[in-house]
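Residue-level structural notes
As a plain string of letters, each chain reads:
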Amino acid sequence: MPDPLDLIPAAFERQKFAIARLISVFEDPRPEAAEKRKLILEKMQSSGKSRRGVFLGFTGTPGAGKSTLVGELANRFIASNPEKSLAVLAVDPSSHVSGGSILGDRTRVRFSHGEDRLYFRSQASDRELGGISRTTFSVLRLLYHLFDVIIIETVGIGQSEIEIQQTADRVFLLLQPLAGDQIQFMKAGIMEIPDSFIINKSDEKEAAERTYHALRASLQLIRPGDSKVPIFRTSAITGMGLAEVLESFASMIAQRTDPASLDASLYRREVYYFEKWVKDELGRQGLRMLTHLGGARELMDRAGGFDGAQKVILQSVHTSFERLESAVEKSLD
Ligand SMILES: Nc1nc2c(ncn2[C@@H]2O[C@H](COP(=O)(O)OP(=O)(O)OP(=O)(O)O)[C@@H](O)[C@H]2O)c(=O)[nH]1
Ligand SMILES: [Mg+2]
């Protein structure tokens, strides 16, 4: 098995096996993987080849057409931007019956074969995390360096919208044409999150039209100061409206000119996810300890970033468990 560090040049050339192998390091929960991630990211950062991709979240109700639309957008983006690359990370709800995942048709995005500027990966979501996986953000940290655009597809079930907002530079909420009054039943909290709405299946003209007006009306109530929130009307089948969505991608990419500020914004997300990770691993005690140490950012700054801080915590946990174990042994003697 080659050292993942040696696969970085091949990953920058978008060789799929190299990317897949590196992703496995970013999904690896073992303590030694944190150190590997640190080295990989350092090497990527200093290579001068980082793409510093934009994260676009596509969320929405099951069956709204996310995968179909994302596939169409991806193929068109690649066709009209010969220098650019795009990855899709699709997060699929785990089967609640078996605890396993049923990665099947629902996340399958149809891509042009043999196009190495397109990459597709799916993950099973963790049951307790709503529509996202425990390692989604970890994998995004890697894809950030390898692709110009990274699309995250998640099924919208409440919690995932909140997570996706922490993760993505822009959140698109996909709706399908509904009876107008159904819009009013959407939770206000969820309506506040998306930067843009997409009414997909707008080939169903009348229903789409009604949905559009109902959505405008509820946005006026829920987000009164925000009259310009874009509502795209698309059809992944006829191609209607896709050019407009792609234009919005292009303008986002054009704004991304300052590498330092892009890296800084990724670091802010790392701080959020590091704190979340501590809570997940060590619970409230862990959060108290973190506060005592000056907070997530302080610890990360001192430990050399996200992975360095993870490593410090994991090592300390290990040491204190060894002490605890021998203390217990002693009292049993
Ligand atoms: N008429 C019409 N049908 C569409 C459109 N986009 C997708 N569909 C159909 O809608 C169904 C669901 O599409 P998917 O792309 O799998 O939807 P999804 O949102 O990814 O679904 P989940 O991943 O299960 O949440 C499929 O049968 C698609 O062919 C569209 O623009 N118009
Ligand atoms: Mg899907």
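Residues numbered from 1 in each chain as written. Chains lettered and ligands numbered in written order. Predicted model: local features only at pLDDT ≥ 70, side-chain atom pairs only at ≥ 80, totals over all residues. Heavy atoms only, no water.

What follows concerns the overall build of the protein. Per the secondary structure count, the protein includes 13 helices and seven strands. Taken over 333 residues, the protein has a buried fraction of 50%. Considering only residue pairs separated by 6 or more positions, the protein has 73% of its internal contacts joining residues 24 or more positions apart. Element-wise, carbon and sulfur atoms account for 52% of the exposed surface of the protein, whose accessible area totals about 16,500 Å². (Helix = DSSP H or I, 4+ residues; strand = E, 2+ residues; numbered from the N terminus. Buried < 20%, exposed > 50% of the residue type's maximum accessible area, 1.4 Å probe, protein only. Contact = heavy atoms within 4.5 Å. Areas by Shrake-Rupley, 256 points an atom, 1.4 Å probe, with all protein chains shown as cover.)

What follows concerns unusual backbone geometry. Negative phi characterises most residues that are not glycine, and trans characterises most peptide bonds. The phi angle at Arg-52 is positive, at roughly 45°, despite the residue not being glycine. Relative to the helices and strands, Arg-52 resides in the loop between helix H3 (31-46) and strand S1 (54-60).

This next bit is on the pattern of salt bridges. This structure, assessed with the given rule, holds 18 salt bridges. One salt bridge connects Glu-72 with Arg-76, and the closest N-O pair in it is separated by 3.4 Å. Within this pair, Glu-72 and its partner Arg-76 are both found in helix H4 (residues 66-80), separated by four residues, close to a single helical turn. Taking the shortest distance from any N to any O, the salt bridge between Glu-270 and Arg-141 comes out at 2.7 Å. Pair noted here: Glu-270 is in helix H11 (residues 259-292) and Arg-141 is in helix H5 (residues 136-146), with a separation of 129 residues, a long-range link. Residue Glu-270 is classed as buried on the basis of its relative accessible area, which comes to 8%. Via salt bridges that share partners, Arg-37, Arg-141, Glu-270 and Asp-307 belong to a single interconnected network. (Salt bridge = Lys/Arg side-chain N within 4 Å of Asp/Glu carboxyl O.)

Below, the discussion takes up the packing of aromatic side chains. A full pass over the atoms with the stated rule returns 11 aromatic pairs. Taking the centre distance of 6.3 Å and the plane angle of 65° together, the rings of Phe-137 and Phe-306 count as edge-to-face. With Phe-137 in helix H5 and Phe-306 in helix H13 (residues 306-332), this residue pair connects regions lying 169 residues apart in the sequence. Residues Phe-137 and Phe-306 agree in their burial class; the two are buried. Note on Phe-274 and Phe-306: the rings are 6.2 Å apart at their centroids and 75° apart in plane angle, and the pair reads as edge-to-face. Taken together, the residues span a long stretch of sequence, with Phe-274 in helix H11 and Phe-306 in helix H13 at a distance of 32 residues. With respect to burial, Phe-274 and Phe-306 carry one shared label: buried. Counting every residue linked through ring pairs, the aromatic cluster contains Phe-137, Tyr-272, Tyr-273, Phe-274, Trp-277 and Phe-306. Positioned above the aromatic ring of Tyr-212, the side-chain terminus of Arg-233 is 3.7 Å from the ring centre. (Phe/Tyr/Trp six-rings, centres within 6.5 Å; stacked < 30°, edge-to-face > 60°. Lys NZ or Arg CZ within 6 Å of the ring centre and 35° of its normal.)

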